[in-house]
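Descriptive analysis of the structure
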Amino acid sequence: MSIVGVGDYLTKLLREQYGYNVIHVRDAFDMATGRLDRHKAYDFARDKIEKVLEKNPSIELCIDLHRDGVDESIHFVTEVNGKKTAKIMFFNGLSRLASVGEIEYLHNPYREDNLALSMQMKMNAEKYFPGFTRKNYLHAYEYNQSLLPKCMLIEAGAQTNTYEEEINAMEPLAVLINLT
């Protein structure tokens, strides 16, 4: 199974347990001409998500769900409600480099909103599910987080986690989303 299946489960939880209307975009954005190519994945995703947002202007939250790529010796796992659970990480794009400042072509008018959202999610996670989250990661680029004031890139475990551990992570994540 893939991270798309993990997203399917998160979608099911948000719909059935919390009553949210969820649109799950299941496209693969890292395949170009039939080959894996991650260089343009955010551009391909942006085109699709902009169309979804245009057709559905009431959307308030956009989640980009990933698995982290780490060394094979690393295993991000904790226990939540008696289940082995992949740890999650909130990932924020800053649209700026320390050496040059703002990256104008990656302008994000929602940077502070997105940072506040991920910090609130982290604080709630520590309160309700201690140890469930890794650090909040800040990176120079934008990662399509300029699409809405509430955009999140979430790393659900890594390629070293089992599918079950990643699925289990969706239950506390759904709680955190509902709290925010």
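Only a predicted model underlies this, so the values are computations on that prediction, with no experimental measurement involved.

Quick look at the overall build of the protein now. On a plain count of helices and strands, the protein comes out with four helices and 10 strands. Beginning at the N terminus, the succession of helices and strands in the protein can be written as α-β-β-α-β-β-β-β-β-β-α-β-β-α. What you see for the protein is a C-alpha radius of gyration of 16 Å, in line with the 16 Å of a compact globule of 180 residues. On the principal axes, the C-alpha backbone points of the protein span a range of 45 × 40 × 35 Å. Within the protein, the fraction of its 180 residues that count as buried is 44%. Side chains of the protein give 21 positive and 26 negative charges; the mean places of these two sets differ by 1 Å.

Okay, the state of the cysteines next. One pass over the structure, following the stated rule, counts zero disulfides. In this structure C62 is a free cysteine whose sulfur lies 4.5 Å from that of C151, the closest cysteine sulfur available. According to the relative accessible area criterion, C62 is buried, its value standing at 17%. With a relative accessible area of 3%, C151 lands in the buried category.

Let us look at the side chain of T133. Within the secondary structure, T133 sits in the loop between α3 (111–128) and β9 (137–139). On the basis of relative accessibility, which here comes to 6%, the residue T133 falls in the buried class. There is a polar contact of 2.9 Å between the side chain of T133 and the side chain of K122. Not counting the four nearest positions on each side in its chain, T133 is found in contact with I88, F90, K122, A125 and E126.

Residues I88, M121, F132, M170 and L173 are the most contacted members of the largest nonpolar core, which totals 26 residues. Of all the secondary-structure elements, those providing two or more residues to this core are α1 (3–16), β6 (88–93), α3, β10 (151–158) and α4 (163–179). The element best represented in this core is α4, accounting for seven residues. Those residues in contact with M121, other than ones at most four positions away along the chain, are F90, M152, L173, L176, I177 and T180. Within the second largest apolar cluster, six residues are counted, among which are I49, L53, L147 and C151.

Rules used throughout
Residues numbered from 1 in each chain as written. Predicted model: local features only at pLDDT ≥ 70, side-chain atom pairs only at ≥ 80, totals over all residues. Heavy atoms only, no water. Helix = DSSP H or I, 4+ residues; strand = E, 2+ residues; numbered from the N terminus. Rg over C-alpha atoms; globule rule 2.2 N^0.38 Å. Buried < 20%, exposed > 50% of the residue type's maximum accessible area, 1.4 Å probe, protein only. Lys, Arg positive; Asp, Glu negative; His and termini not counted. Charge placed at Lys NZ, Arg CZ, Asp CG, Glu CD. Disulfide = S-S within 2.5 Å. Polar contact = N/O pair within 3.5 Å; in protein donor to acceptor, adjacent residues only side chain to side chain. Contact = heavy atoms within 4.5 Å. Core = buried A, V, L, I, M, F, W, Y, C linked by side-chain atoms within 4.5 Å.

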